[in-house]
Amino acid sequence: MPKTLEGQITMEKTPSYFVTKEAPARIYAMSRDTKLIVVVRDPVTRAISDYTQTLSKKPDIPTFESLTFKNRTTGLIDTSWSAVQIGIYAKHLDNWLQFFPMRQILFVSGERLISDPAGELGRVQDFLGLKRIITDKHFYFNQTKGFPCLKKAEGSSKPHCLGKTKGRTHPNIDPEVVQRLRDFYRPFNMKFYQMTGHNFGWD
Ligand SMILES: Nc1ncnc2c1ncn2[C@@H]1O[C@H](COP(=O)(O)OS(=O)(=O)O)[C@@H](OP(=O)(O)O)[C@H]1O
């Protein structure tokens, strides 16, 4: 990590940190004061989004439905499939709480980041002890993209939306499989709401 001068914040982003067993101990050894920010979304949608991303790179992979189950007849979910495993947030959080207190971790709602980006970024700025510089004045809803975009990108006077790999159309998934996944995640989601003191409204 680069050195941080007085008045600066150094940030580092890697999606896999949250689910990597060794990450909490390593970050703690580097700096125990580190603040941690995790964006979480409904684990069922997350799994479908994850699958959509893999499918875009490897169009020949099996269907979402077949990868979800160890045994489709018994309905046994394959928790070793990373798209399923990553969404068991309570389990991953347990791992972090062995090293960091909850007050050092902020969970950002992926759903609210879309429906109210300024509100969610307000929480981020407060958590980091920053003035609320980014407000709803910075965003507009782009009808074509179907997502909020920045009115002006940094160092430019033009609007900026995220790229084509963000906000892909998801394939239709068998509703019974979606329901089975909802049932699977429910207890883990409830535990996660309890641990964070925040109901993310996924059920
Ligand atoms: N403003 C805006 N524009 C576009 N997309 C947005 C936006 N805000 C949140 N999202 C959601 O971000 C999802 C992709 O983010 P990821 O963290 O999965 O991307 S990555 O893993 O770093 O590639 C992406 O997921 P998918 O819809 O499944 O593509 C989006 O739902």
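Worth saying up front: this structure is predicted, and the values here are computed from it rather than measured.

A. Just the overall build of the protein chain, in detail. In terms of regular secondary structure, the protein chain is built from eight helices and six strands. For the protein chain, the α and β elements follow one another from N to C terminus as α-β-α-α-β-β-α-α-β-α-α-β-β-α. Of the accessible surface of the protein chain, which amounts to about 13100 Å², a share of 54% is contributed by carbon and sulfur atoms. Within the protein chain, one finds 30 positive and 20 negative side-chain charges whose respective centroids are separated by 5 Å.

B. Local environment of a nonpolar patch on the surface. On the surface, Ile9, Met11, Ile37 and Leu130 cluster together to form a nonpolar patch covering roughly 370 Å² of accessible area. As for its placement among the helices and strands, isoleucine 9 is situated in the segment before α1 (23-30). We classify isoleucine 9 as partly exposed; its relative accessible area is 44%.

C. Inspection of the site of the ligand at higher detail. Surrounding the ligand, one finds 13 residues, the nearest of these being Ser49, Pro148, Lys166, Gly167 and His170. Take arginine 41: an N or O atom from its side chain is 3.0 Å from an oxygen atom of the ligand. At a separation of 2.9 Å, a nitrogen atom of the ligand approaches a polar backbone atom of proline 148. The protein chains hide 74% of the 640 Å² of surface that the ligand would expose on its own. Elements with a minimum of two residues in the shell around the ligand: α2 (43-57) and β6 (147-150). A class-by-class count of the residues in the shell around the ligand yields four nonpolar, four polar and five charged.

D. Structural view of the state of the cysteines. Evaluated as defined, the whole model comprises one disulfide. Put simply, cysteine 149 and cysteine 161 are joined by a disulfide, and their sulfur atoms are 2.1 Å apart. Between cysteine 149 and cysteine 161 the sulfur-sulfur dihedral comes to about 105 degrees; the bridge is accordingly right-handed. Remark: cysteine 161 occurs in the loop between β6 and α8 (175-196) and cysteine 149 occurs in strand β6; sequence separation between them is twelve residues. By relative accessible area, cysteine 149 is classed as buried at 2%. Exposure remark for cysteine 161: the relative accessible area of 22% places this residue in the partly exposed category.

E. Structural view of the pattern of salt bridges. Going through the model one piece at a time under the given rule, you end up with ten salt bridges. Its salt-bridge partner being arginine 72, residue aspartate 174 comes within 3.0 Å of it at the nearest N-O pair. You can see aspartate 174 sitting in the loop between β6 and α8 and its partner arginine 72 sitting in the loop between β2 (69-71) and β3 (76-77), a full 102 residues away along the chain. By relative accessible area, arginine 72 is classed as partly exposed at 46%.

F. Inspection of α1 at higher detail. What α1 keeps buried is the set Ala23, Pro24 and Ile27. Along the axis of α1, the buried residues cluster in a sector spanning 95 degrees; they form a single face. In α1, those exposed residues whose orientation departs by more than 90 degrees from the buried face are Arg26 and Ala29.

G. Main features of the UniProt feature "binding site: 3'-phosphoadenylyl sulfate" (unreviewed entry) in the protein chain. The positions UniProt marks with the feature "binding site: 3'-phosphoadenylyl sulfate" (unreviewed entry) are Arg41, Ser49, Lys166, Gly167, Arg168, Thr169 and His170. On the secondary structure map, glycine 167 appears in the loop between β6 and α8. Mapped onto the secondary structure, arginine 168 falls in the loop between β6 and α8. Leave out the neighbours within four places in its chain, and arginine 168 touches Thr52, Gln53 and Ser56. Engagement of the side chain of arginine 168 in a polar contact is seen with the backbone oxygen of threonine 165, the distance being 3.4 Å.

H. Focus on the nonpolar core. Val40, Trp96, Ile105, Phe107 and Phe192 are the most contacted members of the largest nonpolar core, which has 18 residues in total. For this core, the secondary structure elements donating two or more residues are α1, β1 (36-40), α5 (89-97), β4 (105-109) and α8. The element contributing the most residues to this core is α5, with four residues. Membership of the second largest hydrophobic core comes to 17 residues, among which are Tyr51, Val84, Val177 and Phe184.

Quick notes on the rules
- Residues numbered from 1 in each chain as written.
- Predicted model: local features only at pLDDT ≥ 70, side-chain atom pairs only at ≥ 80, totals over all residues.
- Heavy atoms only, no water.
- Helix = DSSP H or I, 4+ residues; strand = E, 2+ residues; numbered from the N terminus.
- Areas by Shrake-Rupley, 256 points an atom, 1.4 Å probe, with all protein chains shown as cover.
- Lys, Arg positive; Asp, Glu negative; His and termini not counted.
- Charge placed at Lys NZ, Arg CZ, Asp CG, Glu CD.
- Patch = residues over 30% accessible without salt bridge, like charges linked within 9 Å, V, L, I, M, F, W, Y side chains within 5 Å.
- Salt bridge = Lys/Arg side-chain N within 4 Å of Asp/Glu carboxyl O.
- Buried < 20%, exposed > 50% of the residue type's maximum accessible area, 1.4 Å probe, protein only.
- Near = heavy atom within 4 Å.
- Polar contact = N/O pair within 3.5 Å; in protein donor to acceptor, adjacent residues only side chain to side chain.
- Nonpolar A, V, L, I, M, F, W, Y, C, P; charged D, E, K, R; others polar.
- Disulfide = S-S within 2.5 Å.
- Arc of directions from axis to C-beta.
- UniProt positions renumbered as here; feature names shortened; annotations may be inferred.
- Contact = heavy atoms within 4.5 Å.
- Core = buried A, V, L, I, M, F, W, Y, C linked by side-chain atoms within 4.5 Å.

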